[in-house]
Amino acid sequence: MLNIVIFGPPGSGKGTQSARIAKKYDLRHLSTGDILREEMDKKTSLGKKVSEYIDKGLLVPDDIVLKMLYDYAAGHMDSPGFIFDGFPRTIVQAEALDKLLNKRGIPINIVLSVEVEEQELFKRIMGRGEDSGRSDDSEEIARQRLDVYKEQSMPLIDYYKQQGKIVTIDGMKPVDEVFDRICQAIEAVKAV
Ligand code: B4P
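Report on the accompanying structure.

Notes on the nonpolar core
Next, step 1: Counting 32 residues, the largest nonpolar core has Val5, Leu69, Phe84, Leu97 and Tyr160 as its most contacted members.
Next, step 2: Elements that contribute at least two residues to this core include exactly β1 (2-7), α2 (32-42), α3 (45-54), α4 (62-76), β3 (81-85), α5 (91-103) and α8 (155-162).
Next, step 3: Per-element tally for this core: the top contributor is α4, with 7 residues.
Next, step 4: For Phe84, the residues in contact, after removing those within four places along its chain, are Asn3, Ile4, Val5, Ile6, Leu30, Leu69, Leu97 and Leu101.
Next, step 5: Ile6, Ala22, Leu27 and Cys183 belong to the second-largest nonpolar core, a separate cluster that totals 24 residues.

Below you can see the structure in the form of structure tokens.
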């Protein structure tokens, strides 16, 4: 079993790289952002509730995201492994994920921390906003999301550093180069 977390600020390319990683290593791609947007598109009661947070650039509360994780995990535990994309985003979420996986003896193997300069993040998010139709791809909301990332998600770097699982990835490079570097890091951990 191979369990990977991909971590980084909004627009760092987590979703882009996760799709490639899932395909190459035959992993289940769990993107909390995608699941939440699907609920919003379907206008379910959960979707309406989470849009109040996402539209403002805030994180969806932990209890909602964790329930989603448990529901998803319950149906997919027979997978050869997971790529967790955009999850965890808080220490509470990270602790819950560790508990869930460690209990089953299938811990996280590696955390890919994708680093991109702030100016480039805005450029990418604005670029994506031109055709994504995403309610959170405006400059003002992107700024808010970045503040939230610094405050609530960046502490995860130390959390995973203490576990010796963080590998830093230069996300400023073109998509293919970023992917090559990620594959090197994954191969190294698989060889252990
Ligand atoms: P996400 O869906 O995770 O959105 P993201 O962080 O903006 O995307 P990502 O980093 O994947 O960027 P992408 O590959 O698309 O979250 C959205 C919202 O959902 C959050 O703000 C939050 O409210 C909520 N949420 C999600 N998970 C949550 C959780 N666990 N807890 C609480 N709330 C949660 O790349 C961006 C753009 O850059 C694309 O256009 C892409 O083509 C381009 N790009 C990518 N790599 C590039 C490269 N190397 N060079 C040039 N361009 C590149």
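Now that the structure has been shown, the text picks up again.
Describing the environment of Leu101
Next, step 1: Along the chain, Leu101 turns up in helix α5.
Next, step 2: The spatial distance from the C-alpha of Leu101 to the C-alpha of Ile125 is 32 Å, given a sequence separation of 24 residues.

Overview of unusual backbone geometry
Next, step 1: The amide bond that connects Phe87 to the next residue, Pro88, takes the cis arrangement and shows omega of -5°.
Next, step 2: Along the polypeptide, Pro88 turns up in the loop between β3 and α5.
Next, step 3: The backbone phi angle of Asp26 is positive, close to 55°, even though this residue is not glycine.
Next, step 4: Along the chain, Asp26 turns up in the loop between α1 (14-25) and β2 (28-31).

Considering the packing of helix α7 (residues 139-153) against α8
Next, step 1: The contact between α7 and α8 brings their axes to 5 Å, and the two run at 35°. Contacts between α7 and α8 pair Tyr149, Lys150, Glu151, Gln152 and Ser153 from the former with Pro155, Leu156 and Ile157 from the latter.
Next, step 2: Class assignment of the residues belonging to the contact of α7 with α8 gives a composition of 4 nonpolar, 2 polar and 2 charged.

A few points about the sheet that holds β3
Next, step 1: Pairing within the open sheet is parallel, and its 5 strands lie in the order β2-β3-β1-β4-β5. Because the sheet does not close on itself, it has two edges, and the strands there are β2 and β5 (166-170). Each neighbouring strand pair of the sheet contributes to a mean axis angle of 20°, computed without reference to strand direction.
Next, step 2: Sheet topology places β2 next to β3; 4 bridges connect them, and they run parallel. Note that in β3 the partner of Ser31 across the bridge is Asp85.

Parameters and conventions
Residues numbered from 1 in each chain as written. Predicted model: local features only at pLDDT ≥ 70, side-chain atom pairs only at ≥ 80, totals over all residues. Heavy atoms only, no water. Core = buried A, V, L, I, M, F, W, Y, C linked by side-chain atoms within 4.5 Å. Buried < 20%, exposed > 50% of the residue type's maximum accessible area, 1.4 Å probe, protein only. Helix = DSSP H or I, 4+ residues; strand = E, 2+ residues; numbered from the N terminus. Contact = heavy atoms within 4.5 Å. Axes fitted to C-alpha atoms, helices over the stretch in contact; angles between N-to-C directions. Nonpolar A, V, L, I, M, F, W, Y, C, P; charged D, E, K, R; others polar. Pairing = 2+ DSSP bridges.

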